[in-house]
Amino acid sequence: MAAINRDDVAHLARLAHIEMSAEELDRMAGELAVIVESVKSVSEAAGDDVPATSHPIPLSNVFREDVVGHTFTADQALSGAPDSDENRFKVPAILDEA
Amino acid sequence: MSADATLSFEEAMEKYDPVLGFEVHVELNTKTKMFSSAPNVFGDEPNTNVNEVDLGMPGVLPVVNKTAIESSIKIGLALNCKIAESCRFARKNYFYPDTPKNFQTSQYDEPIAYDGYLDIELSDGTIFRVEIERAHMEEDAGKLTHMGGATGRIQGADFSLVDYNRAGVPLVEIVTKPIQGAGSRAPELAKAYVAAVREIVKNLGVSDAKMERGNVRCDANVSLRPHGRERFGIRSETKNVNSLRAVEHAVHYEIRRHAAVLDSGEPVVQETRHWHEDTRTTTSGRAKSDADDYRYFPEPDLVPVVPSREWVEELRATLPEPPAARRKRLQADWGYSDLEFRDVVNAGVMDEIQETIAAGASASVARKWWMGEIVGRAKNADVDPGQLGVQPATIVELAKLVEDGKINNKMATEVLDGVLAGEGTPAEIVEKRGLAVVSDDGPLLEAIDAALAAQPDVADKIRGGKVQAIGAIVGGVMKATRGQADAGRVRELILAKLGVEG
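Presented here is an overview of the structure given in this document. In this numbering scheme, every chain counts its residues from 1 along its sequence in written order. For this description, chains carry letters from A and ligands carry numbers from 1, given in the order in which they are written. Side-chain atom pairs in this predicted model are given and counted only at pLDDT of 80 or more, local residue features only at pLDDT of at least 70, and totals for whole chains, interfaces and linings cover all residues. Hydrogen atoms and water are omitted, and side-chain values are computed over all heavy atoms in the structure.

Topic: the overall build of chain A
Counting from the N terminus, the helices are the DSSP runs of H or I reaching at least four residues and the strands are the DSSP runs of E reaching at least two. Within chain A, the regular secondary structure consists of three helices and three strands. Mapped in sequence order, the helices and strands of chain A form the string α-α-β-α-β-β. The principal-axis extent of the C-alpha atoms belonging to chain A is close to 55 × 45 × 25 Å. A total of 98 residues make up chain A; the buried ones form 18% of that total. Contacts: residue pairs with any heavy atoms within 4.5 Å of one another. Contacts in chain A between residues at least 24 apart in sequence constitute 23% of all its contacts with a sequence separation of at least 6. Neither His nor the chain ends is counted toward charge; the positive residues are Lys and Arg and the negative residues Asp and Glu. Taken as the charge location is NZ of Lys, CZ of Arg, CG of Asp or CD of Glu. Positive and negative side-chain charges in chain A, numbering 7 and 19 respectively, have mean positions lying 3 Å apart. For every residue, the accessible area (1.4 Å probe, protein chains only) is compared with the maximum for its type, and the residue is labelled buried under 20%, exposed over 50%, or partly exposed between those bounds.

Written out as structure tokens, the structure is:
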């Protein structure tokens, strides 16, 4: 994997909706580069005979029967919402007038 | 917002060759959601069909719905796809309030079904093969209602309200390969393709398949290229075109709009377009940007789905007869000509006719009522014929009343109107409106005497052998009985009265 540079960090920050100052971008580019390097050592440990995986335990087909379980009431669902209206989550306008 | 320039469809076709592509989202009708045990029910009170998984609370774990996997495999098989030996879910990361997790659990490079095709029959019987790239599993998002602003649309809204009842409902997204060679039939093909997908998932019983409820939703991609050029043009993606008619109109419109853009020498902008049913036009959504970097990665909270070949074959064995084969069988059973059957299919009443026949009507009676009476009334009411409210039993009853000579055909259509107006069953309406054919000879004989007395010269002609003059007398009787007499019987009685052989 190529090294993480400052532009990558700025791009990721924008995608993740995180505001970062110039100094933070510089610092994070350095820190992330170290992390990426460290993780890379795992790839070196695994030989060609170890297949890539997305899960640490070799399981597959973990399913649930299609049976209705528990639900929240609207009040419970909305109990952690910063704002609500008509039993629904209220969120700021998302797009400006096009 | 100024309207976009368009060319006429004919001119666009003269200059350019359209290439289409569709993403059709099918909501499965499982009892529960894709990854949570909350109920998958349409139309309930907001935010009551949710639990911690649907709301993306910290530390929760999704668990895959087995029935949703089976439904997805069935859809893949019905689309002639290969079923993956192993596949995984992936996170599609984006920030938007329709998903409380900030990602949608979907499939990325490992769809459960891939490399299929669907043979689409156009209205004149032409078969057009649409190749299927993939069908993958994912979850639906919550429903946003944009409040305030001028239009209730997303642009200019003051705030939005979110209902997560739909969040996590199982979806299968069916993606075509680029569809080339449709030419001027592109709009028709678009409609027929979406109709075919809808028919398949309905037939499989894996979706309620109601487009008006968003069970089947279509994103339509359109691009144009000059005739003879291999390379595709830049495409637009018209989102959420949610009726069959709208699919046809949206493709028609986008072809005309693209043609005008290309004619002006400008490049087409690769963007999302919003469909507006009222004006039958699209408007610009947002251009593709680096905000569309979804950073897919394998979902670490779910393990791979590995459908054994035995399981796949078991599911294949449960598949119902494919729609095309079913159509062939029904046409043969019913004895309709190719043209008659195609009209039935195009009018969208094949299922209704089948149900009517199953309820006891003959094939010709079922066709006569649906095609002759109901389709036209549905068109006037601007609804699908099946939605008009005519039950198969109603038609069977009407046909029986006619057959038994209780009412004639003209009265039967009146009775049908009465049924549609909610006046009751056909028998009740016949009674209430006093529509029964007069079959008791007593009142008829009185009316005949009166008619003969009123037209003595005609009576003499008939006595003299000019039987064809009888029409005037029959007419008089029908008038006197307000059309409720059986004309054939009246004729017999007149001849008997005058002692003339018919």
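A few points about a nonpolar patch on the surface
Together, I57(A), L59(A), V62(A) and V63(B) make up a nonpolar patch on the protein surface, roughly 300 Å² of accessible area in all. Under the relative-accessibility criterion, V63(B) is labelled partly exposed at 30%. Within the patch definition used here, like charges are joined within 9 Å and nonpolar side chains (Val, Leu, Ile, Met, Phe, Trp, Tyr) within 5 Å, considering only residues with over 30% relative accessible area and no salt bridge. For the accessible areas, the method is Shrake-Rupley and the probe is 1.4 Å, while residue cover comes only from the protein chains on display. Salt bridges are defined as contacts in which a side-chain nitrogen from Lys or Arg sits within 4 Å of a carboxyl oxygen from Asp or Glu.

Some points on the environment of G183(B)
All names here are of chain B. By the element assignment, G183 lies in the loop between strand 10 (170-176) and helix 3 (186-204). Residues G183 and I407 lie 224 residues apart in sequence; the distance between their C-alpha atoms is 51 Å. For G183, the residues in contact, after removing those within four places along its chain, are M13 and P18.

Topic: the pairing of strand 12 (residues 236-241) of chain B
All names here are of chain B. Where strand 11 (residues 216-226) meets strand 12, four bridges bridge the pair, whose relative direction is antiparallel. When the sheet's bridge partners are listed, V222 is paired in strand 12 with S236. Pairs of strands are assigned from DSSP output, requiring at least two bridges between the strands. The sheet contact formed by strand 12 and strand 13 (residues 271-276) spans four bridges and is parallel. Each bridged residue has a counterpart across the sheet, and for S236 the counterpart in strand 13 is E271. Traced from strand 12 through helix 4 (residues 244-263) to strand 13, the parallel crossover comes out left-handed. Here the term right-handed applies to a crossover when the path leading from its first strand over the helix to its second strand runs clockwise, the strands being oriented away from the viewer.

Focus on the nonpolar core
Residues and elements named next belong to chain B. The set of buried Ala, Val, Leu, Ile, Met, Phe, Trp, Tyr and Cys residues whose side-chain atoms join them within 4.5 Å is what this entry labels a nonpolar core. Among the nonpolar cores identified, the biggest contains 74 residues, and F22, I75, I174 and Y193 are the most heavily contacted of them. In terms of residue count, helix 3 provides more of this core than any other element does, 11 residues in total. Sequence-distant contacts of I75, defined by excluding residues within four places in its chain, comprise V26, L28, V172, I174, V201, L204 and V206. V349, A363, I374 and I429 belong to the second-largest nonpolar core, a separate cluster that totals 30 residues.

Observations regarding the pairing of strand 9 (residues 159-163) of chain B
The buried count for strand 9 of chain B comes to four of five residues, which makes it a mostly enclosed element. Judged from the four bridges that link them, strand 3 (residues 88-92) of chain A and strand 9 of chain B form a sheet pairing that is antiparallel. Following the sheet pairing, V91(A) is matched in strand 9 of chain B by S160(B). Pairing of strand 8 (residues 143-147) of chain B with strand 9 of chain B, which is carried by five bridges, proceeds in the antiparallel orientation. Of the residues in strand 9 of chain B, the one forming a bridge with T145(B) is L161(B).

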